[in-house]
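# Report on the structure
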Amino acid sequence: MEQFFENAALSGALLSPDGRQLALRVVPGDGHDRLAVLDLASMRMQPAAGFTDAAIGDFLWVNERRLAFRLTDRWQGQGRSRYGSGLYAVNSDGSAFRQLAARQSTQQSKSGRTLLPPNTILMESIGDERGTAIHALQTEHGEHGAVQAATLLSLDSVNGNHTEIDAPAGIGYWLYDQGGQARIATAQTHDQNRVYWRDPATEQWQLLAQFDPRSNAKDVFEPAFLTPDGHFYVSARNGGDKAALYRYNLQTRQRDAQPAVASPDHDIRASMVRSNTRLLGIRYTTDTETTVWLDEDMQAVQKSVDALLPTTVNTLSVGTRSETPFVLVASRSATQPAIYHLYQRDTGLLTVLAKSRPGVNAARMSAKQLQHYTARDGLRIPAWLTLPKAGAGKPQAARLPLIVFVHDGPWQRGTWGWSGEAQFLASRGYAVLEPDYRGSEGLGDAHFRAGWKQWGLAMQDDLADGVRWAIAQGYADPRRVCIVGAGYGGYAALMGLARDGELYRCGVALSAVADLETIADGRWRVGASLYERYDRYPASSLIGEAPRDAAQWRASSPRHVAARITQPVLLAHGQLDRRVAASDAASLYQAIRQGNPNAEWLRYDDEGQGLTLPGNRIDFWRKVEQFLARHNGPR
């Protein structure tokens, strides 16, 4: 159980700009992620930073010798957290440590120097990585905690001095040039996006484009990245269904006629792989991660690494001005969590550095297959199917007990990668079906919009149609189907029991939405980032608005159909959930329990939305295992 749900032992690795050192976020014996640095020539590791009450969060190289980072907490529940993330910098050998931003509103440095406030967030940016400056955001929050705008700062990581970077009002997203100057800025609202460009000739901001982000007009785009040599790339649908990556001419304000990267099945949301002078490659995710290399040397390295590691997706990275032959390789698959290797271009030698989850044996994990089925209205639904691994000398069984595992969001989608939940369930003998139902993101505009105002309706039909497909294909035993999910997935699990009771033998719902009316005011946006694309759409578009949709909300809310949930059901909720109040979840449980003696309830006092602590995750899934064995196990 622990191998599936404990925190990763290694959760990040980043080469220094000169390629001589590797920064690693590792978990020592006390469980708090620390920052360590590996010298690649000597293969000697030394600690750089660590805390007794927090873990290292995001980190980046400021220059070839200095790192900046923020903190997080992987061992305290959301309700026990006393501090913000702070902002810190340190040399790779642990010297010249400096706190730059406070973890609480009254905190000062030991020298008495006033720190930046706790709402100061580390921001990654393009730059020459030779100086000591970094970029940071000071965020402004609106109703329900959603980030509305941010101020951009240039912050010296050595002395703490900072200046505010001039920008038009309401900006929340920036792109930088190779000199570290903000060049592209986006102001985002529900009905209007404005994209600005700071012309290097005048250093004045100019309005580059303005459009309604909800439309599918040809002029709508999202900034993607700005290359070191000044080329601007954007993601745009160009009036079609799938978003592609285009180069955008800042002088003529026109996109290239042909996309740089496109896919017939997926929206392209790309990032760049760069040196300090040019674009080396374009990285994006379809079914899995892909890198298109524009650099011939990196193409050759990718080919060599893939030949050595043919069963995994191998992500390569290099120092932006590397002075060494070292290439960092992160290898992943559906059966293998990330393994980090070091490849040497001059010798072709590939060395294993570390495994993110050393306890996971890939040979015992189950394959993950992409399938498609047709919903009742003709919409094509992708779905990931994980079947239990056949035993030695035994064929894979048919007519298995099935778990429909519904992803959260609902504005997310599945990919071909290792999933602790799916692998855990498969290891216990269940077939696992993960549909990318309508409303899921990244599969085109039509697939996304087909889910608007369809909570409990067509979105639910897609899940039921997936069950019927799995039965017809011989994968699932029609008498042993259970629906499981968290967040939106928990909501869908409860609505599946109420709406399609003949299909589901049981259900499990973690952090489930109990009443659509309580989230249609935008509360589901708590903590939403300016970089989440769905955040540009108002709740009135995605879920509905009062009073017009109130009757449908009532018909599609577990709270109001609780009497129809008669199958065994396990509900779990964090006492400190800000999106769905624990009292609402407890009331829902009591309403179900009145007519259902097989309703069970779990409460986690120190958790909010979802489960952040490994101990709570392990406890929850142990209870899920027992629940499924009682209600959906072998005949």
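Predicted model only: the values in this text are computed from it and were never measured.

### Description of the overall build of the chain
A count of helices and strands for the chain gives 11 helices and 35 strands. Against the 2.2 N^0.38 benchmark of 26 Å for 635 residues, the chain shows a C-alpha radius of gyration of 25 Å, consistent with a compact globule. Counting every position in the chain, which comprises 635 residues, the buried fraction comes to 56%. Within the chain, counting contacts between residues at least 6 apart in sequence, those at least 24 apart form 56% of the total. Total accessible area on the chain stands at roughly 26,100 Å², and carbon and sulfur atoms take up 47% of it.

### Some details on the sheet that holds strand 5 (residues 55-61)
Reading across from one edge, 5-6-7-8 is the order of the four strands in this open sheet, with antiparallel pairing throughout. The sheet terminates laterally at strand 5 and strand 8 (98-101), the two strands that pair on one side only. Mean inter-strand twist for the sheet, computed between neighbouring axes without regard to direction, equals 30°. Two strands pair when backbone bridges link them, and strand 7 (residues 87-91) and strand 8 are joined in this way by three bridges, in the antiparallel orientation. Residue Leu87 lies in a different strand from strand 8, and its bridge partner there is Ala101.

### Here we look at the packing of helix 5 (residues 458-472) against helix 6 (residues 488-499)
In the contact formed by helix 5 and helix 6, the axes pass within 10 Å of each other and the chain directions differ by 75°. Comparing the axis directions of helix 5 and helix 6 gives the class roughly perpendicular. Of the residues in helix 6, those in contact with Met459, Gln460, Asp461 and Leu463 of helix 5 are Tyr488, Tyr491, Ala492, Met495, Gly496 and Arg499. Each residue belonging to the contact of helix 5 with helix 6 can be placed in one class, and the counts come to six nonpolar, two polar and two charged.

### With respect to the nonpolar core
Counting residues in hydrophobic clusters, the biggest one holds 58 residues, and the most contacted among them are Trp455 and Tyr504. Among the elements that take part in this core, helix 6 stands out by supplying eight residues, more than any other. In this structure Trp455 touches Pro410, Trp411, Tyr488, Tyr491, Val513, Leu516, Ile519, Leu542, Ile543 and Ser556, once residues within four positions along its chain are discounted. Within the second largest apolar cluster, 29 residues are counted, among which are Phe4, Val360, Ala422 and Val508.

### Re the sheet that holds strand 26 (residues 339-344)
An order of 24-25-26-27 is seen for the four strands of this open sheet, with the pairing classed as antiparallel. Each of the sheet's edge strands pairs with one partner strand only, and the pair in question is strand 24 (313-317) and strand 27 (350-355). Within the sheet, the average angular offset between the axes of one strand and its neighbour, ignoring direction, is 30°.

The rules behind each value
Residues numbered from 1 in each chain as written. Predicted model: local features only at pLDDT ≥ 70, side-chain atom pairs only at ≥ 80, totals over all residues. Heavy atoms only, no water. Helix = DSSP H or I, 4+ residues; strand = E, 2+ residues; numbered from the N terminus. Rg over C-alpha atoms; globule rule 2.2 N^0.38 Å. Buried < 20%, exposed > 50% of the residue type's maximum accessible area, 1.4 Å probe, protein only. Contact = heavy atoms within 4.5 Å. Areas by Shrake-Rupley, 256 points an atom, 1.4 Å probe, with all protein chains shown as cover. Pairing = 2+ DSSP bridges. Axes fitted to C-alpha atoms, helices over the stretch in contact; angles between N-to-C directions. Parallel < 35°, antiparallel > 145°, perpendicular 65-115°, else oblique. Nonpolar A, V, L, I, M, F, W, Y, C, P; charged D, E, K, R; others polar. Core = buried A, V, L, I, M, F, W, Y, C linked by side-chain atoms within 4.5 Å.

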